[in-house]
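Observations on the model geometry
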Amino acid sequence: MSALADLGIVFGRVAFAMLFVVNTAALLGWVERKQSAIMQDRIGANRASILGFRVLGLFHPIADAIKMLTKEDFRPARADRVLFALAPFVSVFFGLVAFASIPFGDTLRVAGREVPLQAVTLNVGVLYVFAMLSLGVYGVMMAGWSSANNYALLGGQRAAALMISAEIAIGASIMGVVMVYGSLDLMDIVRGQGALLFGWIPAWGIVTQPLAFVLFVTAGIAATKRIPFDTPEGESEIIGYFVEYSGMKFGMFLMADLVETTVIAGLTTSLFLGGWQVPYLVAEGFRFPWGAALALPHLLVVLLQVGAFVTKVSAMIFFMMLVRWTLPRFRYDQAMRLGWLGLFPLSILNIVLTGLLLLLWGARA
Amino acid sequence: MSTWVAFFVLAALAVGSALGLVLRRNPIHGALFLVVNLGSVAGLYLMLGAEFLAAAQVIVYAGAIMVLFVFAIMVLIPGKEETGPDPRRAVRLLAPPLGALLCLLLAFVVARGTGAPAGAAPPAPATLGALGRLLFTRYLFPFELTSVLLLAAMVGVLLLARKRGS
């Protein structure tokens, strides 16, 4: 019986992370259209209706999925069969598994068990997410190469170059955070952000590592290959790596981008925005810096924490979409220059500065 | 039991992808097989409890170096298949006996002792902190030598790229 319960708990942890990413990604297709419509003073997607109900166009993701599933699945005659079919799956797969070590809550105590609210507990969680994100580019490169289309190949090459330049900056800017909180485990990093600076400022990553935050978010948006870093796609010039794809395979590339957006938002939340931390909320309830305290039951605390995580991820995604509909596309060479001559040296500077400050801080304390 | 299943799946993947790398004539397929191979070996590292090594293997080799390889192959080889006579026939003929020799050596080592080799290094450090401390104290010299080697390679690349440009 207890073995069965353990299995159920593991299943639940994985299912929550998985369903969270998949459903967020599906919703994002709608959010993206609606947000751009509001920003551009249009009405936006509102036509899909079920029995006359439109609900702000919320049925559009379902309509899109049905449309894509029923379209012709076309493959160019000279395409590489296996790689052409494999590419969209590789893209989505690495985006989905990347979310596994991002914690969405503190330890939950149920029936004498301690359940860490995280699909997989890993010592090297940060590196794991980073590794999975860096593998995602293979899907795009395989698509570009196997399509036997020069525009697709160009898109695949651009994606590879962009990913490498963005990922170096991501890796280097994470290092500052790792140095401050002294762990590669995302759960430990989030716990570390629960401390208070000067007794009242939550020690979130954005406070302790402001430069790294800016660099990470910039490089993160580049890694999702979205505007203003959508040179691999560039729908007004080369159309991009998925030019030969149709139906649901095309839809999977679209979904992979949205999944990656969710993962980057989740990682930003965990590293810089305190993850599931609610300011002044500790395991027993609220404890305010002015001395007041409010005891809360364990379940409510956990619910608040999961809610805080979801809210922060949503806010981060909202911000990334705001950027998407605000800035024009960088030219390919501009994106490269920003990555290699802007983000990368600055993130190295951030590591040096963080090391210096940590040394001085340690010497004083 | 489940450990054995996982081991055999990973081992089969590693051997199969290595064979694919050698046997496929298409360079892109070969490179992608190598990525699968690196990934499955990383899985084996993970099973041995070397989480950091596994992550580093995936990030550095599969995620960075191989991406550059595939990128270079895409740029340099426009056709789908390498055709024409093999320019390095002699090397190809030398490969089987050398490979057989390596297999023999490995079989010899495995047959001699099943455990760790005599005079082996202390068991792998369990935590990342211990690993870092070892790297910066006991193994500082080889560590710094490696960084000099990487620096030399970087300077060399810059020199080569500049010559072609001007």
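The notes below deal with the structure included here.

Thresholds, definitions, all that
- Residues numbered from 1 in each chain as written.
- Chains lettered and ligands numbered in written order.
- Predicted model: local features only at pLDDT ≥ 70, side-chain atom pairs only at ≥ 80, totals over all residues.
- Heavy atoms only, no water.
- Core = buried A, V, L, I, M, F, W, Y, C linked by side-chain atoms within 4.5 Å.
- Buried < 20%, exposed > 50% of the residue type's maximum accessible area, 1.4 Å probe, protein only.
- Contact = heavy atoms within 4.5 Å.
- Buried area = accessible area lost by both parts, 1.4 Å probe.
- Salt bridge = Lys/Arg side-chain N within 4 Å of Asp/Glu carboxyl O.
- Polar contact = N/O pair within 3.5 Å; in protein donor to acceptor, adjacent residues only side chain to side chain.
- Pairing = 2+ DSSP bridges.
- Helix = DSSP H or I, 4+ residues; strand = E, 2+ residues; numbered from the N terminus.
- Expected span 1.5 Å × (residues − 1).
- Bend = angle between axes of the 7 residues up to and from the residue.
- Patch = residues over 30% accessible without salt bridge, like charges linked within 9 Å, V, L, I, M, F, W, Y side chains within 5 Å.
- Areas by Shrake-Rupley, 256 points an atom, 1.4 Å probe, with all protein chains shown as cover.

Next up on the list: the nonpolar core. In summary, soluble globular proteins display a tendency toward joint burial of nonpolar side chains. Core analysis: the biggest nonpolar cluster contains 111 residues, and Phe 99, Val 129, Tyr 138, Leu 267, Leu 271 and Phe 309 of chain A together with Ile 28 of chain B have the highest contact counts within it. Core analysis: the next-biggest nonpolar cluster, separate from the first, contains six residues, Leu 281, Phe 286, Val 301 and Ala 308 of chain A among them.

With that settled, the discussion passes to the interface of chain A and chain B. With 23 residues of chain A at the interface, the matching set in chain B holds 22 residues. When the buried surface of chain A facing chain B is broken down by residue, Tyr 138, Met 141 and Trp 145 of chain A rank first, second and third, together holding 31% of it. Applying the counting rule to chain A against chain B returns zero salt bridges. Applying the counting criterion to the chain A and chain B interface returns four residue pairs in polar contact (both at pLDDT 80 or more).

A separate point is the pairing of strand β2 (residues 113-116) of chain A. In the sheet, strand β1 (residues 107-110) of chain A pairs with β2 of chain A via four bridges, with the strands oriented antiparallel. Residue Arg 109 of chain A lies in a different strand from β2 of chain A, and its bridge partner there is Glu 114 of chain A.

Right, let's get into the environment of Trp 145 of chain A. All names here are of chain A. Within the secondary structure, Trp 145 sits in helix α5 (residues 137-146). Overall, the relative accessible area of 10% leaves Trp 145 in the buried class. C-alpha separation for the pair Trp 145 and Gln 157, spaced 12 residues apart in sequence, amounts to 8.7 Å.

Moving on, we get to helix α1 (residues 2-39) of chain A. Residue and element names in this part refer to chain A. End to end, α1 covers 53 Å across 38 residues, agreeing with the expected 56 Å (1.5 Å per residue, within 8%). The sharpest bend along α1 reaches about 30° and sits at Leu 28. Remark: Asp 41 follows α1 within two positions and exhibits a positive phi of approximately 60°.

Moving on, we get to helix α6 (residues 150-181) of chain A. All names here are of chain A. Spanning 32 residues, α6 covers 46 Å between terminal C-alpha atoms, matching the ideal 46 Å at 1.5 Å per step. Within α6, 25 of the 32 residues are buried, which leaves it mostly tucked inside the rest of the structure. Structurally, the start of α6 carries an N-cap: the backbone nitrogen of Tyr 151 is 2.7 Å from a side-chain oxygen of Asn 149. Just past α6, the residue Gly 182 takes up positive phi, approximately 65°.

A separate point is a nonpolar patch on the surface. All names here are of chain A. A surface patch of nonpolar side chains, about 560 Å² in accessible area, is lined by Leu 211, Leu 346, Ile 348, Leu 349, Val 352, Leu 353 and Leu 356. Along the chain, the position of Leu 353 falls in helix α12 (residues 332-364). The partly exposed category is assigned to Leu 353, whose relative accessible area is 40%.

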